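Working through the structure, step by step
Here's the letter readout for the chains.
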Amino acid sequence: MSQPAKTPPPARWWAPWSNRRRRPETELDAPEMSPANVLLNGVREYHGRTAPLVRPIMAELAMEQKPQHLFITCVDSRIVPNIITASGPGDLFINRNVGALVPRHGSRTPDDSVAATVEYAVNVLDIKTITVCGHSNCGAMAALLAGGTEVEHLEGLSRWLKHGNHSLARFLAEDQPGDEQPLARLCKINVMQQLDNLLTYPWLRERVESGDIELVGLYLDLGSATVEVFDPAGGAFVPVPDEAPRSRSLT
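Let me sum up the structure you'll find in this document. All chains use their own residue numbering, which begins from 1 and follows the written sequence. The predicted origin of the model limits local features to residues at a pLDDT of at least 70 and limits the giving and counting of side-chain atom pairs to 80 or more, whereas totals for whole chains, interfaces and linings rest on all residues. Values reported for side chains reflect all heavy atoms of the structure, with hydrogen atoms and water molecules removed beforehand.

A closer look at the overall build of the protein
Applied cut-off: Note on conventions: DSSP H or I runs of at least 4 residues are helices, E runs of at least 2 residues are strands, and numbering of each starts at the N terminus. Contacts between residues were defined by any pair of non-hydrogen atoms, one from each residue, lying within 4.5 Å. Using a 1.4 Å probe, the Shrake-Rupley method yields the accessible areas, and only the shown protein chains count as cover for residues.
Scanning the protein for helices and strands turns up eight helices and six strands. Contacts in the protein between residues far apart in sequence, at least 24 positions, make up 59% of those at least 6 positions apart. Entry remark: accessible area of the protein is about 16100 Å², with carbon and sulfur atoms responsible for 54%.

The following block contains the structure:
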């Protein structure tokens, strides 16, 4: 009887270093290597395998970028925006921060890093969508649920997480569905709240209401590696449709 076929190994370009099969020509996963050397070996592999393939694309983009999408997401190492959107160089203008937070306009705890990204994306790059992407098992949301006690010794992080207080308040004010874990629910509510936070900037709200910019909410479930999209009409996250809706004819 023939043996069942084994599941093929994942493509090397997106598999974590620790999951790659050991091969004689590379020492990426050698246990004696320092983390810095593992990183540099990854760069060497990029130079040898990937750079020749992307060089024509990068040459075209070298002097100018024209992304249409601003993608705001968490710094969590498990989130790889280009993988979950099947995008490449020049497609996404990305802002990553702890918790995928957007400080509200006029916040008492000022932080201009996200606002600066949004301003540049809207006013210089003329982007057409702003996406906030959250994910399951978010450490920032877990810290909010715990009242911040686990990170209170981290001054900068504690101060930053205050921008998530509106998400927590919204979570506490809503009726909690019995079939969803509190952390998962907060992670989704946080995406909704950050979309609302974007609208606290008058100049951006005007662009959104005029139809020049579209806001999109995404949620990545890490366990299933699936992405859901926020449906404003239903107020919930739903599966991404198998096919994109056709553009309506102007005639």
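Resuming the write-up.
Some points on the side chain of D76
Put simply, the test is: Relative accessibility decides the category of a residue: with a 1.4 Å probe and only protein chains considered, values under 20% of the type maximum give buried, values over 50% give exposed, and everything between is partly exposed.
Secondary-structure assignment places D76 in the loop between β1 (69-74) and α2 (81-84). Classification of D76 by relative accessible area gives buried; the value is 14%. Sequence-distant contacts of D76, that is, excluding residues within four places in its chain, are made with R96 and H135.

Describing the nonpolar core
The criterion, for reference: Among the buried residues, those of types Ala, Val, Leu, Ile, Met, Phe, Trp, Tyr and Cys that are joined through side-chain atoms within 4.5 Å form a nonpolar core.
Counting 38 residues, the largest nonpolar core has I72, V118, I130 and L198 as the members making the most contacts within it. Counting residues per element, the ones that place at least two in this core are β1, α3 (113-123), β3 (129-135), α4 (139-145), α5 (155-161), α6 (165-173) and α7 (182-198). Ignoring sequence-local partners within four residues, the contact set of V118 consists of L70, I72, I130, L198, W203 and L204. Among the nonpolar cores identified, the runner-up in size contains five residues, and F71, L92, C133 and L218 belong to it.

A look at the sheet that holds strand β4 (residues 214-221)
What counts, and what does not: Strand pairing is assigned whenever DSSP identifies at least 2 bridges connecting the two strands. The axes are straight lines fitted to the C-alpha atoms, using for helices just the contacting stretch, and the angles between their N-to-C directions are given from 0 to 180°.
The six strands lie next to each other as β2-β1-β3-β4-β5-β6, forming an open sheet whose pairing is mixed. Strands with a single pairing partner mark the edges of an open sheet, and in this sheet they are β2 (92-97) and β6 (236-239). Neighbour-to-neighbour, the strand axes of this sheet turn through a mean angle of 30 degrees, independent of strand direction. Relative to the sheet, α7 contacts β1, β3, β4, β5 (226-231) and β6, its axis offset from that of β4 by approximately 165 degrees.

Details of the packing of aromatic side chains
The cut-off we apply is this: Two rings from Phe, Tyr or Trp (for Trp, the six-membered ring) form a pair when their centres are within 6.5 Å of each other. A pair whose planes differ by under 30 degrees is stacked, one over 60 is edge-to-face, and the rest are tilted.
This structure, assessed with the given rule, holds four aromatic pairs. Taken together, a centroid distance of 6.1 Å and an interplanar angle of 65 degrees make the contact between Y201 and W203 edge-to-face. What makes W203 partly exposed here is its relative accessible area of 27%. Pairing F230 with F237 gives two aromatic rings, centres 5.4 Å apart and planes at 50 degrees, and the pair type is tilted. With relative accessibility at 17%, the residue F230 sits in the buried group. Residue classification places F237 among the buried residues on the basis of a relative accessible area of 11%.

So, the environment of G106
Structurally, G106 is set in the loop between β2 and α3. Taking relative accessible area as the criterion, G106 reaches 68% and is therefore assigned exposed.

Quick word on the packing of α6 against α7
The geometry of a pair of packed helices is captured by two quantities: the angle between their axes and the separation between those axes. Just so we agree on the cut-off: Orientation labels follow simple angle bins: below 35 degrees gives roughly parallel, above 145 gives roughly antiparallel, 65 to 115 gives roughly perpendicular, and whatever is left gives oblique. Note on convention: near helix rotated counterclockwise from far helix by under a right angle means a left-handed crossing. Clockwise means right-handed. Classes in brief: Ala, Val, Leu, Ile, Met, Phe, Trp, Tyr, Cys and Pro nonpolar; Asp, Glu, Lys and Arg charged; the others, Gly included, polar.
Closest axis-to-axis distance for the α6/α7 pair is 8 Å, and the angle between their directions is 125 degrees. Judged on the interaxial angle alone, α7 and α6 are oblique. The two elements α6 and α7 meet at a crossing, and its hand is right-handed. Residue-level contacts link H166, S167, L168, R170 and F171 of α6 to P182, R185, L186, I189, N190, M192, Q193, Q194 and D196 of α7. In the contact of α6 with α7, the residues fall into six nonpolar, five polar and three charged.

Let's talk about unusual backbone geometry
A negative phi angle is the norm for most residues apart from glycine, just as the trans form is the norm for most peptide bonds. Although it is not a glycine, A100 sits at a positive phi angle of roughly 55 degrees. With respect to the helices and strands, the residue A100 is situated in the loop between β2 and α3. With relative accessibility at 1%, the residue A100 sits in the buried group. In this structure, D126 takes a positive phi of about 60 degrees despite not being glycine. Tracing the sequence through the fold places D126 in the loop between α3 and β3. Assessed through its relative accessible area of 43%, D126 is described here as partly exposed.

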